[in-house]
Amino acid sequence: MDHKIAIIGLGYVGLPLAVEFGKIYPVIGFDINEKRIGELKNSIDRTREMEPDELADAVHLTYTSDESLLTSCNTYIVTVPTPINTYNRPDITFLIKASETVGRSLSKGDIVIYESTVYPGATEEDCVPVIEKASGLTYNVDFFCGYSPERINPGDKKHRLPTIRKVTSGSTPEIAEVIDRLYGSIIKAGTHLAPSIKVAEAAKVIENAQRDINIGFINELAMIFARMNISTKDVLEAAATKWNFLSFQPGLVGGHCIGVDPYYLTHKAESLGYIPQIILAGRRLNDGMGRYVATQLIKMMVKKAHRITDANVLVLGITFKENCPDIRNSKVIDIIRQLKDFACNIDIFDPHADPDEVRHEYGIDIVTTEADLKPGYEGIMVAVCHDEFKDLDISKYKADGCVVYDVKHVYDSSDEYL
């Protein structure tokens, strides 16, 4: 098959995929965000996943928001977000709309591959009927599907798309082989062909559920050890001397993967009559960590006789992880809201986040340069481990008796760590 590929969605997942395929195959990168398309045409990637020279290497890649151009393709890869709503339920609105878009462009013999994280069964039970309705074609007769879960790690310059082994699958054995060979042409680390689409979907969703549970366990240990006045870091370092100890660190669990994907699995389980225990317990604990560390900071400030109402507090970082501009589902916002409930005055410093995006998403203002900071903070919350913070002399901004709560162990001189 001579692939002409359409990548639907050019975010953290779709753009690296479009670039790698665009080095070999004719690729149309499609996104409904015209601003994003304009930036990419000018070699600007606001996610900072791809450098201008990397974008230039994709000589067969074109960007567009014009849906009519998709009809020339025969292989469609959907990489749109799959978030949760305010009730922690899967929101597959983007997935359904993308399936409608693909369906309107589809021809006989075409292949549709999904990379968005979903619950097992979503591709064939939720997306395929939408494609059939929009295209008038019949599944596994006129068109075929596959699922190859994304494994992008935003901000990670070591583990990139070609160096991460890829799970693949297809709706028939023959199509599965075609899809596996397609990905094999760009993935240096190799592929793993799963026996079915549902198995591939399940494999993806448990990857992050497993990490979520393990981090939740360590977060609970941190709470226990805090009551014992012993260092969680010291305990973990000692325990890690055993060869089969799993090394996880306490912290805030946000973002569009670990903090979201477990809810997709629990949603499906509940629809089948099973109420998950361990997965939801891990989620509840991790979802509460922002409020917990904010309260710990306040307690420490009280012990040092600070007045809490109108106290000046500096929060370092608002993105969901270090050295990354992504603010989606950042749990730092829980810290900020809790501190505001205590009537603190809060400054938020993050050199990676886009102030306009933060204002639009959370309704708060941030500063992005050290020059905007001021002296006299009674409390400092180190929420994200950006490289810039490692070189920041926070002593210049402390009031007398300032308390520093360091979630990420950036500063050895911090008063308290998670």
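Higher on the page you've got the structure.
All values derive from a computational prediction rather than experimental measurement.

Rules used in this analysis
- Residues numbered from 1 in each chain as written.
- Predicted model: local features only at pLDDT ≥ 70, side-chain atom pairs only at ≥ 80, totals over all residues.
- Heavy atoms only, no water.
- Pairing = 2+ DSSP bridges.
- Helix = DSSP H or I, 4+ residues; strand = E, 2+ residues; numbered from the N terminus.
- Contact = heavy atoms within 4.5 Å.
- Axes fitted to C-alpha atoms, helices over the stretch in contact; angles between N-to-C directions.
- Buried < 20%, exposed > 50% of the residue type's maximum accessible area, 1.4 Å probe, protein only.
- Arc of directions from axis to C-beta.

## Some words on the sheet that holds strand β12 (residues 398-406)
Read from one edge of the open sheet, five strands run β10-β9-β11-β12-β13, paired in parallel fashion. If you trace the sheet from one side to the other, it starts and ends with β10 (345-349) and β13 (416-417), each paired once. Direction of pairing for β12 relative to β13: parallel, over a ladder of two bridges. Looking across to β13, one finds that Asp 406 is bridged to Tyr 417. Together, β9 (312-316), β11 (377-382), β12 and β13 form the strand contacts of helix α11 (residues 289-303), whose direction differs from that of β12 by roughly 150°.

## Re helix α2 (residues 34-41)
Every buried residue of α2 is listed here: Arg 36, Ile 37, Glu 39 and Leu 40. One face of α2 carries all of its buried residues, which in axial projection span an arc of 165°. Among the exposed residues of α2, those pointing more than 90 degrees away from its buried face are Glu 34, Lys 35 and Lys 41. Looking at the buried positions of α2, the neighbouring elements they touch are α1 (14-22), β2 (27-30) and β3 (61-64). Looking one or two places after α2, you find Ser 43, whose phi comes out positive at around 60°.

## Some points on the pairing of β10
Judged from the five bridges that link them, β9 and β10 form a sheet pairing that is parallel. Looking across to β10, one finds that Val 315 is bridged to Ile 348.

## Section: unusual backbone geometry
Positive phi is not limited to glycine here, since Ser 43 has a value of about 60°. Summarising the element assignment, Ser 43 is placed in the loop between α2 and α3 (52-57). Even without a glycine there, the phi angle at His 409 is positive, about 55°. Among the residues examined, His 409 registers a relative accessible area of 25% and is labelled partly exposed.

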